[in-house]
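The primary structure of each chain is shown beneath.
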Amino acid sequence: MQRIRLKLALLALGSSLSLGGLVLAGGAGPVRSTASPIASAAATFSNPVIESDFADPELLRVGKTYYAYSTNAGGVDVPVSSSGDLVNWQALGNALPVLPKWASGGNTWAPSVMAVAGGYRLYFTARHVGSGRQCIGVAASKAPTGPFVSASAAPLVCQLSEGGSIDAQGFTDAGGQHYLYWKGDGNCCNLLTGLWVQRLSPDGLTLSGKPTDLLYNGALWEGNLIEAPSVYRRAGKYYLFYSAAAWDSDTYAVGYAVGNSPSGPFKKSANNPLLVSQGEVAGPGGQGVIEDAGGASWMYYHAWKAGEVGYTTGGVRSLRLDPLKWTNGVPSVKATTRPQLAPARP
């Protein structure tokens, strides 16, 4: 009889285990498993991960810590937060407490932070005092939290003939070469908007070579602009993700193009748009890609809550995170608010 009871107990235990190490015994819900060295294998979360305004986000992993940066909010030019799991975030303050002399405050947008030898570089958009246009600057720090400092008397990129330059993103290729991507702000002046790239010096402070234009708006869903370029390298291909349409509407969405090198040429996907408004999520954009400790890729982005689109409605662009799935080199992602498995922790 004891052997029968023991066998039944073992069978019951085995039926309570799932492939992901989750224990679902008795319908009690997921429980953290100690079987895997990745501590968050059984944790769940729901979007948004930062509920307050956190537009045009940039995420960076340094060791076991993630850092998040956003467009100015609450009187802070470059808000920075930290997290150990991509889900629970702590605000740290202002990564760029002093703007350079060429820039005025209150319009500091879309920061991007890149690691270089000996420190970090912050690329940011700010209002150029001399022209009134938005232009791109660079600042340096030895820590990802800052304070980042820029003593430059002029912007790093300021294409006045293109209406200005915004939405910079630093990218480091597998060989260590740094690149800077950005958007020509042509929609400010009834021009086409283009995405550009140019090589950076090893220290990330100056540009080298000539800029290359990569893509322009033209597809119906893109409306009068494309912006927010972000590049992700996978299996020897370069995926250039971008946002398009009106940022303060539910038509805002994310598309992508694919190339064989950081400088292209890039071809837009026939599957665009990739990420669109869905359910309670409206106007997703300002996207990027980050990998968790298990190597899974996640798309982070900002979005409004449906029915609260635009700042005049009291809405905010909160930070969200969803799995970026791959099928034969083709990405897919859906905006969610339901509970789902959390990223693997470092």
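Quick caveat: nothing in here was measured; it's all calculated off a predicted structure.

Trainee: Would you mind showing me how to read the side chain of histidine 128 here?
Mentor: With respect to the element layout, histidine 128 can be found in strand β7 (residues 119-128). Taking the relative accessible area as the measure of exposure, histidine 128 reaches 16% and is therefore buried. Excluding its chain neighbours within four sequence positions, the residues that come into contact with histidine 128 are Trp102, Arg133, Cys135, Pro155 and Cys158.

Trainee: Even after reading the chapter, I still don't get the environment of alanine 257, so can you show me in this structure?
Mentor: Tracing the backbone shows alanine 257 in strand β15 (residues 253-259). Look past the residues within four positions of alanine 257 in its chain and what remains in contact with it is Leu215, Tyr238, Tyr239, Leu240, Tyr242, Phe266, Lys267, Lys268 and Ser269.

Trainee: Hey, could you run me through the state of the cysteines in this one?
Mentor: Working definition: the covalent bond between the sulfur atoms of two cysteines is a disulfide. Enumeration according to the criterion identifies one disulfide in this entry. The disulfide partner of cysteine 135 is cysteine 158, and the gap between their sulfur atoms is 2.0 Å. Separated by 23 residues along the polypeptide, cysteine 135 in strand β8 (residues 134-141) and cysteine 158 in the loop between β8 and β9 (165-172) bring together distant segments of the chain. Judged by relative accessible area, cysteine 135 falls into the buried class, the value being 0%. We classify cysteine 158 as partly exposed; its relative accessible area is 25%.

Trainee: What is the right way to look at the confidence of the model for the chain in this model?
Mentor: Predicted coordinates in regions of low pLDDT should not be interpreted in detail. For the chain, per-residue confidence averages 90 on the pLDDT scale, and 88% of positions sit at 70 or higher. Per-residue pLDDT stays below 50 along residues 1-41; that stretch engages in 33 contacts with residues further than four places along the chain or on separate chains.

Trainee: Where do I start with the pairing of strand β17 (residues 281-291) in this structure?
Mentor: Two faces make up the sheet, and in a regular strand the side chains alternate between them. Counting buried residues along β17, 10 of its 11 residues qualify, which places the element largely inside the surrounding structure. Between β17 and strand β18 (residues 297-305), which follow one another and run antiparallel, lie five residues, and glycine 295 among them has a positive phi close to 90°.

Trainee: Is there a simple way to explain unusual backbone geometry in this structure?
Mentor: Glycine aside, a negative phi is what most residues show, and trans is what most peptide bonds show. Cis geometry is found at the peptide bond from asparagine 47 to proline 48, where omega equals 0°. Relative to the assigned elements, proline 48 resides in the loop between β1 (44-45) and β2 (58-62). That bond from glycine 264 to proline 265 is cis: its omega, 5°, falls within 30 degrees of zero. Among the secondary structure elements, proline 265 is positioned in the loop between β15 and β16 (266-268). A positive phi angle, near 55°, is found at alanine 228, a position not held by glycine. Along the chain, alanine 228 turns up in strand β13 (residues 226-234). By relative accessible area, alanine 228 is classed as buried at 10%. Here the phi dihedral of alanine 245 falls at roughly 80°; this positive angle occurs in a residue that is not glycine.

The rules we used
Residues numbered from 1 in each chain as written. Predicted model: local features only at pLDDT ≥ 70, side-chain atom pairs only at ≥ 80, totals over all residues. Heavy atoms only, no water. Helix = DSSP H or I, 4+ residues; strand = E, 2+ residues; numbered from the N terminus. Buried < 20%, exposed > 50% of the residue type's maximum accessible area, 1.4 Å probe, protein only. Contact = heavy atoms within 4.5 Å. Disulfide = S-S within 2.5 Å. pLDDT = per-residue confidence, 0-100. Pairing = 2+ DSSP bridges.

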